[in-house]
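The chain contents come next:
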Amino acid sequence: MKTILTAAQLSITCQRLAHQILEQHPSLENTVLIGLQPRGVFFSNRIVEVLKSIAAGPVMYGQLDITFYRDDIRKGLHVANTTNLPFDIENRKVILIDDVLYTGRTIRAALDALLDFGRPAEVSLCVLVDRRFSRELPIQPDYTGKVIDTIVSQKVKVNWQENEGLDEVILLDN
């Protein structure tokens with residue numbers, strides 16, 4: 001096990017990414033943030049918390065469940081999470097937020113799910129960890145907390161205070 005981000009580093013990374021989002025979307029007027037269920041929501045909650053403290057206007061935020069849009073989970077009973085998009089995404093700038101970008105399949109599923117709610121003007125991606133050499137699809141983040149190079153047998157685990165009782169990102173060797 002190797003620590004990639006400590007609790008303090010995770011906090012700083014969330015603040016940095018929120019500032020980068022605000023740089024590119026100064027008023028957040030036509031911008032919506034969408035956390036991907038289940039684990040991306042812990043990260044997106046942190047980003048939105050920081051944005052609310054530094055942005056001049058309101059922050060439009062929702063969560064998107066992609067369970068039934070995935071192509072890589074075929075067997076077993078799927079338990080859906082909650083989708084909560086209390087706004088229209090039509091012609092808005094959408095920022096998808098997830099914790100780890102690995103193969104790109106989660107983001108592809110999110111894009112499919114998103115189109116069922118309308119056609120955004122623009123979609124960008126914010127991730128906490130980018131496992132850049134593991135991509136199966138041509139998907140790249142616009143906002144990245146940490147880029148790491150891993151091998152297939154390794155797993156990136158993001159622990160959140162709200163879920164596991166501590167904040168950290170670790171690399172596990174299987």
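In case you missed it, the structure is sitting above this.
In short, a report on the structure. The structure presented is a predicted model; accordingly, all values stated were derived computationally and were not measured.

A few points about the pairing of strand β2 (residues 31–36)
Line of reasoning, step 1. Taking burial as the measure, the 6 residues of β2 include 6 buried ones, the bulk of the element.
Line of reasoning, step 2. Relative to strand β4 (residues 93–101), β2 is paired through 5 bridges, and the arrangement is parallel. Across the sheet, residue Ile34 finds its bridge partner in β4, namely Leu96.
Line of reasoning, step 3. Judged from the 5 bridges that link them, β2 and strand β3 (residues 60–64) form a sheet pairing that is parallel. Across the sheet, residue Gly35 finds its bridge partner in β3, namely Gln63.

Things to note about helix α1 (residues 7–24)
Because an α-helix packs 3.6 residues into every turn, residues spaced three or four apart end up facing the same way.
Line of reasoning, step 1. In a regular helix each residue adds 1.5 Å, so 18 residues correspond to 26 Å; α1 covers 26 Å between its end C-alpha atoms and thus fits that length.
Line of reasoning, step 2. Inspection of α1 places Leu10, Thr13, Cys14, Leu17, Ala18, Ile21 and Leu22 among the buried residues, and these make up the whole buried set.

Re the pattern of salt bridges
Line of reasoning, step 1. Per the counting criterion, the structure on display carries 9 salt bridges.
Line of reasoning, step 2. Among the salt bridges present, the one from Arg135 reaches Asp130, with a minimum N-O distance of 2.5 Å.
Line of reasoning, step 3. Glu164 is paired through a salt bridge with Lys157; the nearest N and O atoms lie 3.3 Å apart.
Line of reasoning, step 4. For Glu164, a relative accessible area of 30% translates into the label partly exposed.
Line of reasoning, step 5. Connected via shared salt-bridge partners are Arg39, Asp99, Lys157 and Glu164.

Considering the pairing of β3
Line of reasoning, step 1. Of all 5 residues in β3, 4 are buried, a share of seventy percent or more.
Line of reasoning, step 2. On the question of chirality, the crossover connecting β2 to the parallel β3 by way of helix α2 (residues 40–54) is right-handed.

Rules and cut-offs
Residues numbered from 1 in each chain as written. Predicted model: local features only at pLDDT ≥ 70, side-chain atom pairs only at ≥ 80, totals over all residues. Heavy atoms only, no water. Buried < 20%, exposed > 50% of the residue type's maximum accessible area, 1.4 Å probe, protein only. Helix = DSSP H or I, 4+ residues; strand = E, 2+ residues; numbered from the N terminus. Pairing = 2+ DSSP bridges. Expected span 1.5 Å × (residues − 1). Salt bridge = Lys/Arg side-chain N within 4 Å of Asp/Glu carboxyl O. Right-handed = clockwise from strand over helix to strand, strands pointing away.

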